[in-house]
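Tertiary structure, described
Listed below are the residues making up each chain.
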Amino acid sequence: MAEAHQAVGFRLSLTSDGAEVDLSAPVLQEIYLSGLRSWKRRLSRFRKDILTGVYPASPFSWLFLFGAIQLACFLQLDPSLGLMEKIKEVLPDWGGQHHRLRGVLATALFASCLWGALVFTLHVALRLLLSYHGWLLEPHGTMSSPTKTWLALVRIFSGRHPMLFSYQPSLPRQPVPPVQETVLKYLESLWPLLSAEDFSLAARQAQEFLELQAALPQGYLQLKSWWASNYVSDWWEEFVYLRARNSLMVNSNYYLMAARAGNAVHALLLYQHRLSRQEFPPTLLMETRPLCSAQYEKIFNTTRVPGVHKDHIHHLCDSRHVAVFHRGRFFRVETHAPSGLLSSRALEQQFQRILDDPSPACPHEEHLAALTTAPRGTWAQLRRLVKTRAAEALEAVEGAAFFVSLDSEPTGLTKDDPAASLDAYAHALLAGQGHDRWFDKSFTLIVFSNGKLGLSVEHSWADCPISGHMWEFTLATECFQLGYSADGHCKGHPDPTLPQPQRLYWDLPDEIHPSVSLALRGARALSANIDCHVLPFSRFGKSFIKRCHLSPDSFLQMALQLAHFRDRGRFCLTYESVMTRLFLEGRTETVRPCTREACDFVRAMEDGGKTGPQRLALFRLAVDKHQALLKAAMSGQGVDRHLFALYIVSRFLHLQSPFLAQVHSEQWHLATSQIPVQQRHLFDTHNYPDYVSSGGGFGPADDHGYGVSYIFMGADAITFHISSKKSSSKTDSHRLGQHIENALLDVASLFQAGQGLGGRRRGLGEKDSGPETGALSSQTQSSRAPTKPTDL
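Description of the structure in this document. (Residues numbered from 1 in each chain as written. Predicted model: local features only at pLDDT ≥ 70, side-chain atom pairs only at ≥ 80, totals over all residues. Heavy atoms only, no water.)

1. Some words on the overall build of the protein
Of regular secondary structure, the protein possesses 24 helices and 20 strands. Considering the protein as a whole, with its 792 residues, one finds that 56% of them fall into the buried category. For the protein, the exposed surface amounts to about 33,500 Å²; the carbon and sulfur share of it is 57%. (Helix = DSSP H or I, 4+ residues; strand = E, 2+ residues; numbered from the N terminus. Buried < 20%, exposed > 50% of the residue type's maximum accessible area, 1.4 Å probe, protein only. Areas by Shrake-Rupley, 256 points an atom, 1.4 Å probe, with all protein chains shown as cover.)

2. Regarding the sheet that holds strand E20 (residues 718-725)
With mixed pairing, the six strands of this open sheet are ordered in space as E14-E20-E19-E17-E15-E16. With partners counted over all chains shown, the strands left at the sheet margins are strand E14 (530-537) and strand E16 (588-591), one partner each. Along the sheet, successive strands turn relative to each other by an average axial angle of 20°, direction set aside. In this sheet, strand E19 (residues 706-712) lies alongside strand E17 (residues 670-674) in parallel orientation, the contact comprising five bridges. Each residue of the ladder has a partner; that of Leu 670, found in E19, is Tyr 706. (Pairing = 2+ DSSP bridges. Axes fitted to C-alpha atoms, helices over the stretch in contact; angles between N-to-C directions.)

3. Quick notes on the packing of aromatic side chains
Tallied over the full model, the rule gives 36 aromatic pairs. Within the aromatic cluster, the residues linked to one another by ring pairs are Phe 537, Phe 540, Phe 544, Phe 555, Phe 601, Phe 619 and Phe 751. Stacked on the ring of Phe 331, the Lys or Arg Arg 503 has its end atom at 5.8 Å from the ring centre. (Phe/Tyr/Trp six-rings, centres within 6.5 Å; stacked < 30°, edge-to-face > 60°. Lys NZ or Arg CZ within 6 Å of the ring centre and 35° of its normal.)

4. Observations regarding a nonpolar patch on the surface
A surface patch of nonpolar side chains, amounting to about 380 Å² of accessible area, comprises Tyr 32, Leu 36, Trp 39 and Trp 227. Per-element tally for the nonpolar patch: the top contributor is helix H2 (residues 27-52), with three residues. Its place among the elements puts Trp 39 in helix H2. The class of Trp 39 is partly exposed, set by a relative accessible area of 38%. (Patch = residues over 30% accessible without salt bridge, like charges linked within 9 Å, V, L, I, M, F, W, Y side chains within 5 Å. Salt bridge = Lys/Arg side-chain N within 4 Å of Asp/Glu carboxyl O.)

5. Concerning unusual backbone geometry
Glycine aside, the phi torsion of most residues is negative, and most peptide linkages are trans. At Val 250, a position not held by glycine, the phi torsion is positive, near 75°. Within the secondary structure layout, Val 250 lies in the loop between helix H10 (233-242) and strand E1 (253-257). A relative accessible area of 2% means that Val 250 is categorised as buried.

6. Here we look at the packing of helix H11 (residues 264-276) against helix H12 (residues 344-356)
Taken N-terminus to C-terminus, the directions of H11 and H12 make an angle of 125°; their axes are 8 Å apart at the nearest point. The orientation of H11 relative to H12 falls into the category oblique. In this structure, H11 meets H12 at a crossing whose hand is right-handed. Every residue of H12 that contacts H11 at Val 265, His 266 and Leu 269 is listed here: Ser 344, Leu 347 and Phe 351. (Parallel < 35°, antiparallel > 145°, perpendicular 65-115°, else oblique. Left-handed = near helix turned anticlockwise from the far one by under 90°. Contact = heavy atoms within 4.5 Å.)

7. Describing the packing of H10 against helix H22 (residues 640-652)
Packing of H10 against H22 brings their axes to within 11 Å, and their N-to-C directions diverge by 75°. Here H10 is positioned roughly perpendicular relative to H22, judged by the angle of their axes. Side by side, H10 and H22 meet where Trp 235, Trp 236, Phe 239 and Val 240 of the first sit next to Arg 641, Phe 644, Ala 645, Ile 648, Val 649 and Phe 652 of the second. In the contact of H10 with H22, the residues fall into nine nonpolar, no polar and one charged. (Nonpolar A, V, L, I, M, F, W, Y, C, P; charged D, E, K, R; others polar.)

8. Some words on the nonpolar core
If you look at soluble globular proteins, the nonpolar side chains tend to sit buried side by side. Judged by nonpolar contacts, the single largest core of 91 residues is most densely connected at Ile 299, Phe 402 and Leu 445. Considering every element that reaches this core, the biggest residue donor is H22, with eight residues. Ignoring sequence-local partners within four residues, the contact set of Phe 402 consists of Val 265, Leu 268, Leu 269, Phe 300, Val 322, Ala 323, Lys 441, Phe 443 and Leu 445. Grouped together as the second largest cluster of nonpolar side chains are 44 residues, Cys 548, Tyr 710, Ile 722 and Phe 751 included. (Core = buried A, V, L, I, M, F, W, Y, C linked by side-chain atoms within 4.5 Å.)

9. Observations regarding the pairing of strand E5 (residues 312-315)
In this structure, strand E4 (residues 302-305) lies alongside E5, joined through four bridges in antiparallel fashion. Counterpart to Val 305 in the pairing with E5 is His 312.

10. Considerations on the side chain of Thr 719
Along the chain, Thr 719 turns up in strand E20. What makes Thr 719 buried here is its relative accessible area of 6%. In this view, Thr 719 contacts Val 534, Leu 535, Pro 536, Ser 694, Ser 709, Tyr 710, Ile 711 and Met 713; residues no more than four positions away in its chain are not counted.

11. Quick look at helix H13 (residues 376-389)
For an α-helix the count is 3.6 residues per turn, leaving residues at separations of three or four pointing the same way. Under the 1.5 Å per step criterion, the end-to-end length of H13 is 20 Å for 14 residues, consistent within 8% with the ideal 20 Å. Taken residue by residue, H13 has Arg 376, Gly 377, Trp 379, Ala 380, Leu 382, Arg 383 and Val 386 as its buried positions. In this structure, the buried side of H13 is in contact with E4, helix H14 (391-398) and helix H17 (513-528). (Expected span 1.5 Å × (residues − 1).)

12. Description of the sheet that holds strand E13 (residues 502-504)
Spatially, the eight strands line up as an open sheet ordered E13-E7-E6-E10-E11-E12-E1-E18, and their pairing is mixed. Of all the strands in the sheet, just E13 and strand E18 (696-698) have a single pairing partner and so form its edges. When the angles between neighbouring strand axes are averaged without regard to direction, this sheet yields 25°. The pairing of strand E6 (residues 321-326) with strand E10 (residues 403-406) spans three bridges and is classified as parallel. Paired with Phe 325 across the two strands is Ser 405, which belongs to E10.

13. Things to note about the pairing of strand E7 (residues 329-334)
The two faces of a sheet get side chains in turn, since along a regular strand they alternate between them. Judged from the six bridges that link them, E6 and E7 form a sheet pairing that is antiparallel. The residue of E7 that forms the bridge with Val 322 is Val 333. In this antiparallel pair of consecutive strands, E6 and E7, the connection spans two residues, and Arg 327 shows a positive phi of 50°. Direction of pairing for E7 relative to E13: antiparallel, over a ladder of three bridges.

14. A closer look at the state of the cysteines
Per the stated rule, a full pass over the model turns up zero disulfides. Cys 594 supplies the cysteine sulfur nearest to Cys 572, a cysteine that is in no disulfide, at a spacing of 6.3 Å. (Disulfide = S-S within 2.5 Å.)

15. Quick notes on the side chain of Glu 585
Relative to the elements of secondary structure, Glu 585 occurs in the loop between strand E15 (574-579) and E16. Judged by its relative accessible area of 16%, Glu 585 is buried. Looking at Glu 585, its side chain comes within polar contact range of the side chain of Arg 41, at 2.8 Å. Discounting chain neighbours no more than four positions away, the residues touching Glu 585 are Arg 41, Ser 229, Asn 230, Ser 233, Cys 292 and Ala 294. (Polar contact = N/O pair within 3.5 Å; in protein donor to acceptor, adjacent residues only side chain to side chain.)

16. What to know about the environment of Leu 744
Its place among the elements puts Leu 744 in helix H24 (residues 733-755). Each C-alpha atom, one on Leu 744 and one on Phe 537, is 9.3 Å from the other, the two residues being 207 residues apart in sequence.

Here it is, written out as structure tokens:
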């Protein structure tokens, strides 16, 4: 989601005041600390595993093994081959009456050792099985004999009822790709974007890097991959997110939409309860291959605490309250009673008390949260003052399970003007008013006065699929399980014995007022500069694309390339995020969809002399190339995270690399991301399409670029969320939306002609109003034959 902006915007060399950052720590020390943090997380997870049962074994399996050995001893059999007798000799001699106790202890120790060895063997076997990625490289719809055998073995070794974190000890580590392959893939991605002269320069820089500098940083990355859990994820979190000094608003947050309120807070707390008990099954690909679940640990009770040079993530094991903001005032609402979680009706009662509270905001309180939108170094210095004068209030906000903003204005889809209302809805969720979100919290639940709601999510702690998983559960639980009574209230009865929500007071000095005002002006200027557009596309969807035997994601990415070319008249570096959670603590990798094959297809679409079959053949080649890049990225063979890690090591080593500096300076004018639907069993999307989240969006990665996210809503609809900056004369979110719709229909028409699908009513009709197809064809780049990177 918003990671593209951070990936572009991170500047390792400068602090917030423009001074040079001295990364003087030895690289070996940094690698050691990375591994130390990894081992601490492993020990913490192991402690929790002991409490919940070591997977794929369990305490009952130990009892069964102990009982079987005891039975064998009773039958005068020795399954230990004499080891238990040796254990007895080591144990203290407590006298004849305790001789039987020594035998039981020896049996227990032997059973524990044997059980531990079996569990370790299962983990190793499962890790080896999960290291196989051949299934990713097979053509869609086919499965080889080795893959079938692999699937069967994984199911055998995986057990029957895995919990959310059960697979963590068995997940393989993300491999470090060969540096030569990474550099060649990088140069290949530059083919359609550079002139022949610029490409030759890039190739020479790459050659010099490979010959003179690459071996040393590559060796350090190999060392880190052996010692730490993941060779890149912790540095990605630190340098891309936590060291970023710009505002979190728009730059490091994203939003998710929905259409109801009421029971949402209770549903979120139910999710938190089930998460703490690991009652969710792990996410599986092909119903067999597990994904890493590490990011789920920081959904709740998490705050990004600002620092002068670097932020840090503060996570509490538990929190029994939420922080609520309404009309410039802050409240602490307890979420648990002595008997357990408060009912949804009791929570509604507490929120209604806040809405009915007539007390005004205190001086400097109404716009205080605008400080969380300030540059991080500035907010870090001001936070010290706030903590000194209002420690209790600050602790209540930062220590809350999450933040709730009760907005006094109605927002959401309206029948009178659906297009404009959806755009305003997206803008309100992404930026708000600049002072009504605590952007440091892991997420803020926004509830508007007309009952519509949404999420604003801080990006550093996890990626979109994690918050999306929580949001899907929340909407399904709120709609289909909790429900409402006939009078519109949450089901249940109010609890008059509950104390009033606690008002939080901020005793702040007058000298903080200019800083609050300055932060608010900056936030409002940033908010006013963001252009959000939501495009619901219902002409066709995933079902039609699958009937064409194509990947839906690749289909849309090629359509986006066509739409962007028509919008800007040129090709651009494109960012698509893809998960690397096949590996332990994996986060994301970048796919570069603007390939040579994609450009050939786009040119063919703009060339009136090309026939439909020719365009269709080029489209299939472009889709195949995109699929190959996507699968390589998922299997740890991507380009950008490896180059990023090499750049970080080079900075620690004080290596001056023109090649890595060029990679670091690239600008992503088109940042894209798909929002996955992960829990289809929760929704019947065919019969209840109105209950599905319409996805979410993020800010543009570049001042003259676009941010585009999309979600497949059921089988026959797609929703796009497009953002750009109004200050740019080169971009217009609504204009790009028209191009996207036209591009989708033009691509679909290739299959209508080639496969006889014109009879389908959905999606293959006349174009809506918008720029004529091919209107920008005169601006097509001149064709050339660049030097191939394999010439290196």
